[in-house]
Amino acid sequence: MNVYNQYNEQLNKIADVAYASAVLMWDQETYMPAGGADFRAGQLATLSGLHHDLITSPKLEELVKQLIDDKSLSPEQHKNVEVTLKDLTKKKKYTTAFVEKQSLAVSRAFNSWQDAKKKNDFKIYANDLEALINLKKEECEIIGYQHHPYNALLDEYEPGITIEKLDKVFEDVRGKLVPFIKQLFTAKQNSNSFLFESYNKDQQWSFTLQLLKKMGYDFNRGRQDISEHPFTISFSSQDVRVTTRVNENDLAEIIWGSIHEGGHALYEQGLLTENYGLPAGEACSLGIHESQSRLWENNVGRALPFWKANYPLLQSTFPQQLKDVTLDDFYKAINLVEPSLIRTSANELTYHLHVLIRYEIEKQIFNNAVSIKDLPELWNAKYKEYLNIDVPDDSQGILQDVHWSHGSFGYFPTYSLGSFYAAQFYNQAKKSIANLEVELEKGNTSLLLAWLRKEVHPFGRLLTAEELSRKVTGEGLNFNYFFEYVQKKYSNLYSL
Ligand code: ZN
């Protein structure tokens, strides 16, 4: 076997271990009885140790070192090797002792976060959070960075992104989006109360299965289940699963939850099978992943053409609740812009203020500019400043998100990047596909999916997000596409 094939075979084994862990995680979040928790945690820890051993093994390193200067490789093969070398160089910086110390700190912080959220008291969590943050600061030094320690963490989720670049993006959010949102807050509000009537859960469930099918999600290579927090998980491009949640008194939760996860899943199903285990077979970045979920959720799924095609089915599924609700009423209701406390249920505009607040706080944390005990005060002041709301308690304030208790600092900005890339990609799709929105009105999403499959999905990690953006749209990330999209849509909705 030649050296490249040996390398490929080694990566397949590493992927087998990673995806086996993913199956256990999926089961843990969906069907595992509570009693299974302790042994499951041990099984997952063993597999993650095995994964770390394989990726830092001398055998893989040897193969990669032989291949990195091999002129006979194709450009794509060479790129795969280059990304693997970067991965293992980074992984090798961590000692086993540090990895264990951090995983213990995460367990502690996660437990006390759960407790603090239940009891509505940040103080219960503060010490464990501080211990975890100190380890993350140590991690920044281990990985290395330029200019600002936070850059080391950002790169983990969105390779190539830095504070310098993000500051520019969020400067636009502050300078353009914030004044526009303030204008909408003072405009006449539409009503969405009918979305919160009683809706039969089984019927909600089967409606979303039909929506997923219409989007092109392949149920021969996936399934939908229920979990507390919706997520998408892949065990290869041949088995990509989504989860959702059903609330009898909130029709929106399952519909846009399922469409969102469906968008993530279409991306994973669109990665090429022959690249299993290789960087080319893995998602580009969290920002690009989120661009695929947001594109379907918002640019497609909160727009008129999609609902011209699908509202009749929704209306006939729930005739009692929706018989007097016109398509126009429905469209307005699903696009209400109001200030709110909780990020995950925010509309597609104020959502970015929630992200901006977290980004500003994280920068301060890693700059040693705020002490942990003062975080709730800082949080509440920023909610007042950007959204003009008073945060009533810690549970609905600083304790609302799980991310920090997992040690996921630098993760939040990828949510905004995702929406901004989505608008830029969708704008390009409209230019490239003749009559795209006329086809969407007819219920035909296949042209859009085929375009994404060709232009966005197949490159995996062979391109960075910035490179992919240039390839698809001719330029790097440009906030103006998002801003023009929301300006046009919401000026119309609110008759500005
Ligand atoms: Zn998402």
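Residues numbered from 1 in each chain as written. Predicted model: local features only at pLDDT ≥ 70, side-chain atom pairs only at ≥ 80, totals over all residues. Heavy atoms only, no water.

1. Some thoughts on the nonpolar core
The criterion, for reference: Among the buried residues, those of types Ala, Val, Leu, Ile, Met, Phe, Trp, Tyr and Cys that are joined through side-chain atoms within 4.5 Å form a nonpolar core. Buried residues are those whose accessible area, probed at 1.4 Å on protein chains only, stays under 20% of the maximum for their type, while exposed residues exceed 50% and partly exposed ones sit between those limits. Comment: elements are numbered from the N terminus, with helices defined as DSSP H or I runs of at least four residues and strands as E runs of at least two. A contact between two residues is defined here by any heavy atoms of the two lying within 4.5 Å.
Of all hydrophobic cores here, the largest spans 125 residues; its most connected members are I255, W296, W307, L314, F330, L375 and L448. If you tally residues by element for this core, the top one is helix α8 (residues 163–186), at ten residues. In contact with F330, not counting residues within four places along its chain, are F194, L195, W256, W307, Y311, L314 and V325. Grouped together as the second largest cluster of nonpolar side chains are 13 residues, Y4, Y7, L63 and V81 included.

2. Quick word on the packing of helix α1 (residues 3–30) against helix α4 (residues 75–91)
Stated formally: Each axis is a line fitted through C-alpha atoms, and for a helix only the stretch in contact is used; angles between axes span 0 to 180 degrees, taken between their N-to-C directions. Each angle receives one of four descriptions, namely roughly parallel if under 35 degrees, roughly antiparallel if over 145, roughly perpendicular if within 65 to 115, and oblique otherwise. By convention the crossing between two helices is left-handed if the near helix lies anticlockwise of the far one by an angle smaller than a right angle, and right-handed if it lies clockwise.
The geometry of α1 relative to α4 is characterised by a closest axis approach of 12 Å and an angle of 50° between their N-to-C directions. Between α1 and α4, the interaxial angle falls into the category oblique. Handedness of the crossing formed by α1 with α4: left-handed. Contacts between α1 and α4 involve Y4, Y7 and L11 from the first element and Q77, N80, V81 and T84 from the second.

3. Section: the pattern of salt bridges
Where we set the bar: Throughout this description, the term salt bridge denotes a Lys or Arg side-chain nitrogen within 4 Å of a carboxyl oxygen of Asp or Glu.
Under the defined criterion, the tally for this structure stands at 32 salt bridges. Between R40 and D27 there is a salt bridge whose closest N-O contact spans 2.7 Å. Taken as a pair, R40 in helix α2 (residues 37–55) and D27 in helix α1 lie far apart in primary sequence, 13 residues in all. We classify R40 as buried; its relative accessible area is 13%. The shortest N-O distance in the salt bridge between E171 and R174 comes to 3.2 Å. Taken as a pair, E171 and R174 lie in helix α8 at a separation of three residues, close to a single helical turn. A single network of salt bridges, built from pairs that share partners, joins E171, R174, E360 and K382.

4. Description of the side chain of R294
Among the structural elements, R294 can be located in helix α11 (residues 286–300). With residues up to four places along the chain from it excluded, the contact list for R294 reads H260, N299, Y351, Y415, G418, S419 and A422.

5. Structural notes on the packing of helix α5 (residues 96–119) against helix α6 (residues 123–143)
This is how the line gets drawn: Residues are grouped as follows: Ala, Val, Leu, Ile, Met, Phe, Trp, Tyr, Cys and Pro are nonpolar; Asp, Glu, Lys and Arg are charged; all remaining types, including Gly, are polar.
Two numbers describe how α5 lies on α6: the axes approach to 8 Å, and their chain directions differ by 150°. In terms of axis orientation, α5 runs roughly antiparallel to α6. Note on packing geometry: the crossing formed by α5 with α6 is left-handed. Across the interface between the two elements, F98, K101, Q102, A105, V106, R108, A109, S112, W113, D115, A116 and K119 from α5 touch I124, Y125, D128, L132, L135, K136, E138, E139 and I142 from α6. Partitioning the contact of α5 with α6 into residue classes produces eleven nonpolar, two polar and eight charged.

6. Digging into the sheet that holds strand β3 (residues 240–244)
Let me state the cut-off plainly: Whether two strands pair comes down to DSSP finding at least two bridges between them.
Spatial strand order, β1-β3-β2: three strands in an open sheet with mixed pairing. The open sheet has two edge strands, β1 (224–226) and β2 (232–234), and neither has a second partner. Strand after strand, the sheet turns through a mean of 30° between neighbouring axes, direction not considered. Of the pairings in the sheet, the one linking β1 to β3 comprises three bridges and is parallel in character.

7. Section: the environment of H52
In this structure, H52 sits in helix α2. When its relative accessible area of 17% is taken as the criterion, H52 is described as buried. A sequence separation of 47 residues divides H52 from N5, and the C-alpha atoms of the two residues are 21 Å apart. Apart from the residues within four sequence positions on either side, H52 is in contact with K91 and Y94.

8. Thoughts on the environment of V17
Of note, V17 is situated in helix α1. Given a relative accessible area of 12%, V17 falls into the buried group. Remark: the alpha-carbon pair of V17 and L54, spanning 37 residues in sequence, is separated by 9.2 Å.

9. A few points about the pairing of β3
Within β3, five of the five residues are buried, which leaves the element mostly enclosed by the surrounding structure. Here β3 shows no split at all, with V240, V242 and T244 on one side and R241 and T243 on the other all buried. Alignment of β2 against β3, held across three bridges, turns out to be antiparallel. The residue bridging S234 from the neighbouring strand is V240, located in β3. If you look at the hairpin formed by β2 and β3, you'll find five residues sitting between the two strands, and S236 has a positive phi there, around 145°.

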